[in-house]
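What the coordinates show
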Amino acid sequence: MTQAAEATIDLSALRHNLQVVKKHAPQAKIMAVIKANAYGHGMMSVAKALEQADAFAVAHIEEAIQLREKHKQKPIVLLHGFANESELKRASALSLQCVIHDERQLSLLQAFSQKINLWLKLDTGMNRLGFSPNTIMQAYGLLKEDHKVLGLFSHFANADQVDAKSNQQQLKLFHDTSLGPGLWRSMANSAAILTQAHSHYDWVRPGIMLYGASPFSDKSAQSLGLKPVMSLSSQVIAVKDLAKGQAVGYGSRWKAKENTRIAVIGLGYGDGYPRHAADGTPVVINGESFTLAGRVSMDMICVEIGSNASVNVGDSAILWGQGGPAINTVAQFAETIPYELSCRLTSRVVFKEVDNG
Ligand SMILES: Cc1ncc(COP(=O)(O)O)c(C=O)c1O
């Protein structure tokens, strides 16, 4: 039987990357963003490895419920807050910190008798979620007697574009809005942790950098001192000779420029490898880098290995991660971002954990 594709999760790399966050933001507390199954890495394993983080942040109440079972004391932040009264009750029972962003949540809280820990989200220019600068003081006034307002929260729209004007505009708006003394502030995601020290405030919120990928398209994770947490691999299932001019795969997109060989690897978009990966996307086999040849199929990809490489059926091919190409590189070849690649591995991939000390 064909061996399934494997995602190896390196827990020591997670801890290393957490230290990189600490080095950049030594004064701030760290809210590790582990939503969407920890960006596809496995939320419970990641949370265990990141026990040293000061809090966990997730998007959905179901994620928080699962986390709370194992992490009884840890502050857990619900980034979208609650959608209705039943979620609010559950958030209260689990002592979650809720980030609230709209009038509906405000009304539910006003009618709720238990004290809830809250962050108020300020819309500083993302124009997605959050109270406007004009309405946030009023919201605070309505909540501060009956609930515990922990602080002010906002999110950058363009932190990955270091010189974007909007970063300074958002930061200024955030800075100029004060709910009062003694309340926390939180604004910085990975890109801002790495490049906007003024945005660190009391709590930073790293996501992608914890997983060892770069938030930037023009700076590698390695140059930022990050170690890849996920390594995706599969096996060579066939090696085939090709004559000059012969085409490979659906649509015959790629044609051999000379007599050559291809290796067929047992993984495809059915495993979450991006179907849009272009010819030339790197794949490493036995320490040597080869390139994708032809369209990604559901269960297979092909790479050109030339006439001389020593590649055999059963050899391991690394699609991204340790010993292979950086996930950022593969993302660029597929015109996407590393966040999407790690999030969208399918249930067919077998997950393994390693801990290198
Ligand atoms: C509100 C909020 N804060 C922080 C993050 C972490 O962002 P990044 O993964 O770019 O560090 C996210 C992720 O989308 C987010 O939604």
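What you are looking at is a predicted structure, and each value in this text was computed from that prediction instead of being measured.

Side note on the pattern of salt bridges
According to the stated counting rule, one finds 9 salt bridges in the structure shown. For lysine 89, the salt bridge is made with glutamate 85, and the minimal N-O distance between the two is 3.7 Å. You can see lysine 89 and its partner glutamate 85 sitting in helix H5 (residues 85-93), 4 residues apart, about one turn around the helix. Its relative accessible area of 42% is what places glutamate 85 among the partly exposed residues. Residues joined by salt bridges that share partners form a network here, namely Asp271, Asp299 and Arg348.

Things to note about the site of the ligand
For the ligand, the full set of nearby residues is Val33, Lys35, Tyr39, His155, Asn189, Ser190, Arg205, Pro206, Gly207, Ile208 and Tyr339. Within the contact set of the ligand, an oxygen atom lies 2.8 Å away from a side-chain nitrogen or oxygen of lysine 35. One nitrogen or oxygen atom from the side chain of tyrosine 339 is found 2.7 Å from an oxygen atom belonging to the ligand. Relative to its unbound accessible surface of 400 Å², the ligand loses 90% to contact with the protein.

Considering the pairing of strand S1 (residues 6-10)
Looking along a regular strand, one sees side chains alternate from face to face of the sheet. Burial analysis of S1 places 5 of its 5 residues in the buried class, which makes it a mostly covered element. Residues Glu6, Thr8 and Asp10 of S1 are buried on one face, and the alternating residues Ala7 and Ile9, pointing to the opposite face, are buried as well. Looking at chain direction, S1 and strand S18 (residues 350-354) are connected through 5 bridges and run parallel. Within S18, the position partnered with aspartate 10 by the bridge is valine 354.

What to know about the packing of aromatic side chains
Counted under the stated rule, the structure contains 7 aromatic pairs. Between tryptophan 184 and tryptophan 203, the ring centres sit 5.4 Å apart and the planes meet at 70°, which makes this aromatic pair edge-to-face. Note that tryptophan 184 is positioned in strand S8 (residues 184-186) and tryptophan 203 in strand S9 (residues 203-204), a separation of 19 residues in sequence. For tryptophan 184, a relative accessible area of 30% gives the class partly exposed. Using a relative accessible area of 4% as the deciding quantity, one classes tryptophan 203 as buried. An aromatic cluster of at least three residues, connected via ring pairs, comprises Trp119, Phe153, Trp184 and Trp203. The ring of phenylalanine 216 has lysine 219 sitting right over it, with the charged end atom 4.4 Å from the ring centre.

Description of helix H8 (residues 165-176)
Here H8 spans 17 Å end to end across 12 residues, near enough to the 16 Å set by a 1.5 Å rise per residue. Taken residue by residue, H8 has Ser166, Asn167, Gln170, Leu171 and Phe174 as its buried positions. What you see down the axis of H8 is that its buried residues fit within an arc of 135°, all on one side. Facing away from the buried side of H8, by more than 90 degrees, are the exposed residues Lys165, Gln169, Lys172 and His175. Residues of H8 that are buried sit in contact with strand S7 (148-153) and S8.

Notes on the nonpolar core
Counting residues in each nonpolar core, the largest one holds 110 residues, and the members touching the most others are Ile34, Ile100, Tyr273 and Ile285. Broken down by element, this core gets its largest block of residues, 6 residues, from helix H1 (residues 11-24). For this core, the two domains that each supply at least three residues are domain 1 (11-213) and domain 2 (230-354). In this structure, Leu242, Val248, Trp254 and Cys302 belong to the second largest nonpolar core, which totals 8 residues.

Observations concerning the domain arrangement of the protein chain
Split by domain assignment, the protein chain resolves into domain 1 (11-213) and domain 2 (230-354). In this assembly, 10 residues from domain 1 lie in contact with 11 residues from domain 2. Between domain 1 and domain 2 lies a buried interface of about 850 Å² when both sides are counted; carbon and sulfur atoms form 60% of it. The largest share of the area that domain 1 buries against domain 2 comes from Tyr39, His41 and Ile208, three residues that together contribute 44% of it. Between the two partners, domain 1 and domain 2, sit 0 salt bridges. Inspection of the domain 1/domain 2 interface yields 3 residue pairs in polar contact (both at pLDDT 80 or more). Only H1 and helix H2 (35-40) provide two or more residues apiece to the side of domain 1 that touches domain 2.

Conventions we followed
- Residues numbered from 1 in each chain as written.
- Predicted model: local features only at pLDDT ≥ 70, side-chain atom pairs only at ≥ 80, totals over all residues.
- Heavy atoms only, no water.
- Salt bridge = Lys/Arg side-chain N within 4 Å of Asp/Glu carboxyl O.
- Helix = DSSP H or I, 4+ residues; strand = E, 2+ residues; numbered from the N terminus.
- Buried < 20%, exposed > 50% of the residue type's maximum accessible area, 1.4 Å probe, protein only.
- Near = heavy atom within 4 Å.
- Polar contact = N/O pair within 3.5 Å; in protein donor to acceptor, adjacent residues only side chain to side chain.
- Areas by Shrake-Rupley, 256 points an atom, 1.4 Å probe, with all protein chains shown as cover.
- Pairing = 2+ DSSP bridges.
- Phe/Tyr/Trp six-rings, centres within 6.5 Å; stacked < 30°, edge-to-face > 60°.
- Lys NZ or Arg CZ within 6 Å of the ring centre and 35° of its normal.
- Expected span 1.5 Å × (residues − 1).
- Arc of directions from axis to C-beta.
- Contact = heavy atoms within 4.5 Å.
- Core = buried A, V, L, I, M, F, W, Y, C linked by side-chain atoms within 4.5 Å.
- Domains from an automatic or database assignment.
- Buried area = accessible area lost by both parts, 1.4 Å probe.

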